[in-house]
Amino acid sequence: MIVLGIESSCDETAAALVRDDGLVLSDAVASQIKVHGPYGGVVPELASRAHLTNIVPVIQEALRPLPGGLAEVDAIAVTHGPGLVGALLVGVQAAKAIAWSRNLPLIGVNHLVGHLLAVYLRRDPASAPVPVAFPYIALLASGGHTALYRVDGPNDIEQLGETRDDAAGEAFDKVAKLLGLGYPGGPIVDRLAAKGDPRAVPLPLPMRNKRSLEFSFSGLKTAVAQYVATTGRPSTEQAQADLCASFQHAVITSLVSKSLEACRREKVDRLVLGGGVAANKGLRALALEVCTRSGVELWVPPIASCTDNAAMIAYAGAQKARLTGQLSAAEALSLSVFSTSPPLRSNQSPRSP
Ligand code: KG4
Ligand code: ZN
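Residues numbered from 1 in each chain as written. Chains lettered and ligands numbered in written order. Predicted model: local features only at pLDDT ≥ 70, side-chain atom pairs only at ≥ 80, totals over all residues. Heavy atoms only, no water.

**A short note on the coordination of the zinc ion (ligand 2)**
Then comes step 1: Taken together, the protein ligands of the zinc ion (ligand 2) are His111 (NE2), His115 (NE2) and Asp308 (OD), with distances of 2.0 to 2.2 Å.
Then comes step 2: Judged by its relative accessible area of 5%, His111 falls in the buried class. (Donors = N, O, S within 2.8 Å, 3.2 Å for Na, K, Ca; no water. Buried < 20%, exposed > 50% of the residue type's maximum accessible area, 1.4 Å probe, protein only.)

**With respect to the packing of aromatic side chains**
Any two aromatic rings considered together are summarised by their centre-to-centre distance and by the angle between their planes.
Then comes step 1: If you walk through the whole model with that rule in mind, you get six aromatic pairs.
Then comes step 2: In this structure an aromatic cluster arises from ring pairing among Tyr120, Phe134, Tyr136 and Tyr315. (Phe/Tyr/Trp six-rings, centres within 6.5 Å; stacked < 30°, edge-to-face > 60°.)

**Remarks on the packing of helix H7 (residues 218–231) against helix H8 (residues 237–266)**
Then comes step 1: Relative orientation of the contacting elements H7 and H8 amounts to 165°, with a least axis distance of 11 Å. Relative to H8, H7 is oriented roughly antiparallel. Handedness of the crossing formed by H7 with H8: right-handed. Contact residues: Leu220, Val224, Tyr227 and Val228 in H7; Leu243, Phe247, Ala250 and Val251 in H8. (Axes fitted to C-alpha atoms, helices over the stretch in contact; angles between N-to-C directions. Helix = DSSP H or I, 4+ residues; strand = E, 2+ residues; numbered from the N terminus. Parallel < 35°, antiparallel > 145°, perpendicular 65-115°, else oblique. Left-handed = near helix turned anticlockwise from the far one by under 90°. Contact = heavy atoms within 4.5 Å.)

**Topic: the sheet that holds strand S1 (residues 2–7)**
Then comes step 1: Spatially, S3-S2-S1-S4-S5 is the arrangement adopted by the five strands of the open sheet, whose pairing is mixed. Of all strands in the sheet, those bounded by a partner on one side alone are strand S3 (24–31) and strand S5 (106–110). The average angle at which neighbouring strand axes cross in this sheet is 20°, direction not considered.
Then comes step 2: Sheet topology note: the S1/strand S2 (residues 12–19) ladder contains six bridges and is antiparallel. Counted as the bridge partner of Gly5 is Ala16 from S2.
Then comes step 3: Where helix H3 (residues 85–102) meets the sheet, its contacts fall on S1, strand S4 (75–81) and S5, and the angle it forms with S4 comes to roughly 155°.
Then comes step 4: In the packing of helix H11 (residues 311–324) onto the sheet, the strands contacted are S1, S2, S3, S4 and S5, and the crossing angle to S5 comes to about 115°. (Pairing = 2+ DSSP bridges.)

**Comments concerning helix H9 (residues 281–294)**
Since one α-helical turn is 3.6 residues long, residues separated by three or four positions face the same way.
Then comes step 1: With 14 residues, H9 extends 20 Å from end C-alpha to end C-alpha; this agrees with the ideal 20 Å at 1.5 Å per step.
Then comes step 2: For H9, the full list of buried residues reads Leu283, Leu286, Ala287, Val290 and Cys291. All buried residues of H9 fall inside an arc of 125° around its axis, so they share one side. With respect to the buried face of H9, the exposed residues turned more than 90 degrees away are Lys281, Leu288, Thr292 and Arg293.
Then comes step 3: Those residues of H9 that are buried are in contact with H8, strand S9 (270–274) and strand S10 (297–299).
Then comes step 4: Its side-chain oxygen placed 3.0 Å from the backbone nitrogen of Gly282, Asn280 serves as the N-cap of H9.
Then comes step 5: Downstream of H9 by a residue or two, Gly295 has a phi angle that is positive, lying close to 70°. (Expected span 1.5 Å × (residues − 1). Arc of directions from axis to C-beta. Polar contact = N/O pair within 3.5 Å; in protein donor to acceptor, adjacent residues only side chain to side chain.)

**With respect to the side chain of Gln240**
Then comes step 1: Here Gln240 shows up in helix H8.
Then comes step 2: Since its relative accessible area comes to 18%, Gln240 is described here as buried.
Then comes step 3: Ignoring anything within four residues of it in the chain, the contact list for Gln240 reads Leu179, Leu181, Leu192 and Pro234.

**What about the confidence of the model for the chain?**
Detail in the predicted coordinates should be disregarded across regions flagged by low pLDDT.
Then comes step 1: Across the chain, the average pLDDT comes to 92, with 94% of residues at 70 or higher.
Then comes step 2: Of the regions scoring below 50 in pLDDT, residues 348–353 engages in seven contacts with residues more than four places distant in sequence or in other chains. (pLDDT = per-residue confidence, 0-100.)

**Section: the site of ligand 1**
Then comes step 1: Lining the immediate environment of ligand 1, one finds 20 residues, of which Gly143, Asp173, Asp190, Asn280 and Asp308 sit closest.
Then comes step 2: Contact between ligand 1 and Gly143: an oxygen atom at 2.8 Å from a main-chain N or O atom of the residue.
Then comes step 3: Breaking the shell around ligand 1 down by element, the ones donating at least two residues are helix H4 (111–117), helix H5 (168–178) and helix H6 (185–193).
Then comes step 4: A breakdown of the residues in the shell around ligand 1 according to their chemical character gives six nonpolar, eleven polar and three charged. (Near = heavy atom within 4 Å. Nonpolar A, V, L, I, M, F, W, Y, C, P; charged D, E, K, R; others polar.)

**Focus: H8**
Then comes step 1: Taking 1.5 Å of rise per residue, 30 residues should cover 44 Å, and H8 covers 43 Å from first to last C-alpha, within 8% of that figure.
Then comes step 2: Of all 30 residues in H8, 21 are buried; the element is thus mostly enclosed.
Then comes step 3: Downstream of H8 by a residue or two, Lys267 has a phi angle that is positive, lying close to 55°.

**What to know about the pairing of S4**
Then comes step 1: In terms of burial, S4 is a largely internal element, seven of the seven residues being buried.
Then comes step 2: Note: S1 against S4, four bridges, orientation parallel. By the bridge assignment for S4, Leu4 is matched with Ile76.
Then comes step 3: Across five bridges, the pairing between S4 and S5 is parallel. If you follow Gly81 over to S5, its bridge partner there is Asn110.
Then comes step 4: Crossover handedness for the path S4 to H3 to S5: right-handed. (Right-handed = clockwise from strand over helix to strand, strands pointing away.)

**Topic: the pattern of salt bridges**
Then comes step 1: Considering all chains together, one arrives at 16 salt bridges under this definition.
Then comes step 2: Notably, a salt bridge pairs Glu261 with Arg264, separated by 2.8 Å at the nearest N-O pair. Taken together, the residues span about one helical turn, with Glu261 and Arg264 both in helix H8 at a distance of three residues.
Then comes step 3: What makes Glu261 buried here is its relative accessible area of 14%.
Then comes step 4: A single salt-bridge network, built from bridges that share partners, covers Asp166, Glu170, Lys174 and Lys221. (Salt bridge = Lys/Arg side-chain N within 4 Å of Asp/Glu carboxyl O.)

If you want it as structure tokens, here you go:
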């Protein structure tokens, strides 16, 4: 089965073709960094407009490997939430138009499930399917979400804990803005942190004494703001690097220690990273070090699978179709969008048998 995935939940317009065994046939992403860069964050209205401009060329690019074009596509999968509503509407409406005109099944996909299953994507046709067994603990850290999940199957996902305030990526972006480093902040802070001393600036380790699986990053961000208010913006590259390294150290220590705590508590010795922050080199290195020491199997997808993309949506859609049956045509064409409602089971609700 070949699925065309469409993603427009935030600031990336993306389309991809993926086989149901995880092989990525194409993966087109139009980034809006230039649009939002001057504002230091995503401007929803501008995001919607840019999606509208980019959606058709991105879908055309994704379809390029298929000589027969849409005639060779078996289903369409589209992100229908969570995300910016105006942005989601563009992708969902494009998907509906194609599904209706070609009489193709349409599958609504939760963006978070896409990130949680992205580890199964593979880009080399000669490679075997990625052998990650269920269950696994997944750390999803992106610009909009930071949470831990227990994944027992593509359709059996339990949220174990999430951030009380800022997402990890949001904290990276806000600290970079505070330091005048540019947008998005994560990759810039990551690059600078590699040259800095993580012990140079004393900063609080978030939720350090709490045994819960929740995160919190706004206090850390405020501590950086207070440091800058007291000492001024770091003026040399080394001082910037030291502050970035200290901040990053606090974030990744929190992410890794809570992930390991989740593995311990759930008695699952398999950890999967996902979301844009999983591209962080410091996080990847620390997770590897700690998992190796603790006997936990670590799976870190390539960066193209961590940041927002449509391949993960196509793959999650294929799994949803396989497990639950495709939506009926009428149901699919009335597919709506959601901005924040948490559709994944939380640990407050009883587990299904
Ligand atoms: O998953 P994603 O592409 O979009 C959302 O669903 O939010 O994540 C984007 C976030 C941004 O906040 C960006 O700064 C962060 O991921 N990010 C990073 C790195 N690369 C991207 N954060 C830390 N280190 C990185 N190398
Ligand atoms: Zn995302």
